[in-house]
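# Results of the structural survey
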Amino acid sequence: MTIFDHQYFMAQAFKEAQRAFDEEEVPIGAVVIKDNRIIGRGHNRTESLKDATAHAEMIAITSAAGVVGDWRLDDCILYCTIEPCAMCAGAAVLSRIKTIVFGACDSRFGACGSIFDVPTEKRLNHRIEIISGVMEKESMELMQLFFHEVRKRKEKIN
């Protein structure tokens with residue numbers, strides 16, 4: 001994969017994050033690719049579905065498994081705008097994802113090096129290559145804008 005490929009697929013994940021933003025969900029998006037083709041997409045839907053597990057990565061992984069017809073996503077790459085949490089990183093390990101590419105680090109929940117490092121944990125039977133910083137600025141700016149808007153809405157209520 002070239003940096004151009006990573007930019008292209010991260011831009012697709014970013015479109016998913018924008019969909020989440022438009023739906024007043026935390027703006028995180030994800031896509032899963034295999035053989036340079038998107039086979040799964042997702043954006044955060046925890047609020048709309050009232051489901052703590054409805055993270056962008058989980059939705060994209062589930063979608064990709066449906067396309068492949070197997071829970072094993074060998075040779076697949078997961079692109080996410082923000083560093084996956086422990087749940088999502090664990091799902092990627094269990095799904096046998098080959099590589100995770102993410103935009104911005106998450107100092108509160110990140111489990112791909114920030115707080116934990118689930119994908120490279122030597123005690124697990126599968127390890128994942130991690131690439132970070134692709135569209136980092138854009139991903140972080142969208143998150144900051146979202147939380148700025150949330151604070152403004154709360155101020156209007158109070």
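Provided above is the structure to which this section pertains.
Throughout what follows, the structure given in this document is the object of discussion.

Thresholds, definitions, all that
Residues numbered from 1 in each chain as written. Predicted model: local features only at pLDDT ≥ 70, side-chain atom pairs only at ≥ 80, totals over all residues. Heavy atoms only, no water. Helix = DSSP H or I, 4+ residues; strand = E, 2+ residues; numbered from the N terminus. Polar contact = N/O pair within 3.5 Å; in protein donor to acceptor, adjacent residues only side chain to side chain. Core = buried A, V, L, I, M, F, W, Y, C linked by side-chain atoms within 4.5 Å. Buried < 20%, exposed > 50% of the residue type's maximum accessible area, 1.4 Å probe, protein only. Contact = heavy atoms within 4.5 Å. Salt bridge = Lys/Arg side-chain N within 4 Å of Asp/Glu carboxyl O. Pairing = 2+ DSSP bridges. Axes fitted to C-alpha atoms, helices over the stretch in contact; angles between N-to-C directions.

Another point: the side chain of E83. Secondary-structure assignment places E83 in the loop between β3 (76-82) and α4 (86-94). Polar contacts involving the side chain of E83 include one to the main-chain amide nitrogen of D106, which spans 2.9 Å. A distance of 3.2 Å separates a polar side-chain atom of E83 from the backbone nitrogen of G113.

Time to look at the nonpolar core. By size, the foremost hydrophobic cluster in this structure holds 26 residues, and its most contacted members are V32, I61, L78, A92, I97 and I100. Not counting residues within four places of it along the chain, the set of residues in contact with I100 comprises L78, C80, P84, A92, C112, P119, I128, E129, I130 and I131. Formed by 14 residues, the second largest nonpolar core is a distinct cluster that contains M10, F14, A17 and I77.

So, on to the pattern of salt bridges. A complete count under the given rule lists six salt bridges for this structure. Between R19 and E16 there is a salt bridge, with its nearest N and O atoms 3.7 Å apart. Of this pair, R19 and E16 both sit in helix α1 (residues 3-22), three residues apart, roughly one helical turn. Of the charged contacts in the structure, one is a salt bridge between D70 and R72, with a shortest N-O distance of 3.2 Å.

Here the focus is the environment of M143. If you trace the backbone, M143 turns up in helix α5 (residues 136-157). In contact with M143, not counting residues within four places along its chain, are V26, P27, I28 and I82.

Strand order in the open sheet formed by five strands is β2-β1-β3-β4-β5, and the pairing between neighbours is mixed. Here the strands that pair on one side only, and so sit at the sheet edges, are β2 (37-43) and β5 (129-132). Going across the sheet, the axis of each strand differs from the next one's by a mean of 15 degrees, ignoring polarity. By the bridge criterion, five bridges tie β3 to strand β4 (residues 99-104) in an arrangement that is parallel. What sits directly across from Y79, in β4, is V101. Packing against the sheet, helix α3 (residues 56-68) makes contact with β1 (29-34), β2 and β3, and its axis sits at approximately 145 degrees to β2. On top of the sheet, α5 reaches β3 and β4; it is set at about 60 degrees to β4, its chief contact.

On their own, these measurements won't tell you what the molecule is for.
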